[in-house]
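Given next are the chains, with one letter for each unit.
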Amino acid sequence: MFTANQLVAHAIGDYILQSHAMATQKTKSLLMALIHATTYTLPFAIITQSPLALSTIIITHAIIDRYRLARYVSFIKNQIGQIWDWEECDNNGYPKDTPIWLSTWLLIITDNLIHIIINALTIQYL
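Residues numbered from 1 in each chain as written. Predicted model: local features only at pLDDT ≥ 70, side-chain atom pairs only at ≥ 80, totals over all residues. Heavy atoms only, no water.

1. Observations regarding the overall build of the protein
- The number of helices and strands found in the protein is seven helices and zero strands.
- The linear arrangement of helices and strands in the protein, starting from the amino end, is α-α-α-α-α-α-α.
- Relative to its length of 126 residues, the protein is compact, with a C-alpha radius of gyration of 15 Å against a globular reference of 14 Å.
- Seen along its three principal axes, the alpha-carbon backbone of the protein occupies a region of about 45 × 30 × 20 Å.
- Counted over contacts in the protein with a minimum sequence separation of 6, partners at least 24 positions apart contribute 58%.
- For the protein, the accessible surface area stands at approximately 7,200 Å², while carbon and sulfur atoms represent 71% of it.
- Charge-centre separation for the protein: the mean point of 7 positive side chains lies 6 Å from the mean point of 8 negative side chains. (Helix = DSSP H or I, 4+ residues; strand = E, 2+ residues; numbered from the N terminus. Rg over C-alpha atoms; globule rule 2.2 N^0.38 Å. Contact = heavy atoms within 4.5 Å. Areas by Shrake-Rupley, 256 points an atom, 1.4 Å probe, with all protein chains shown as cover. Lys, Arg positive; Asp, Glu negative; His and termini not counted. Charge placed at Lys NZ, Arg CZ, Asp CG, Glu CD.)

This is the structure in structure tokens:
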């Protein structure tokens, strides 16, 4: 299900092909999120030529990045054993007393895993 070429395509799309403008503006602009998602998806065209799979990767990537969905996943996860108010965790989904470097890296890891899982399922089943 998960292959090395999918992981490499993800890394190329999300890190090498993403400009500074895309990285800083994709959470503020749906257009920039779509531009980033389109360039992100280019390496996946080597893995699959399915228009449905490639469209799904573009759309899900744009939505996840535009609305920073990983922070909601982190927030929900952090409800286990402790109830936090959203205002306490709204930056990265972690309580404000979490060191910013730690909450940022955990958010990046969560975001990457969400993309990788969706991409693998999309490529396998579409």
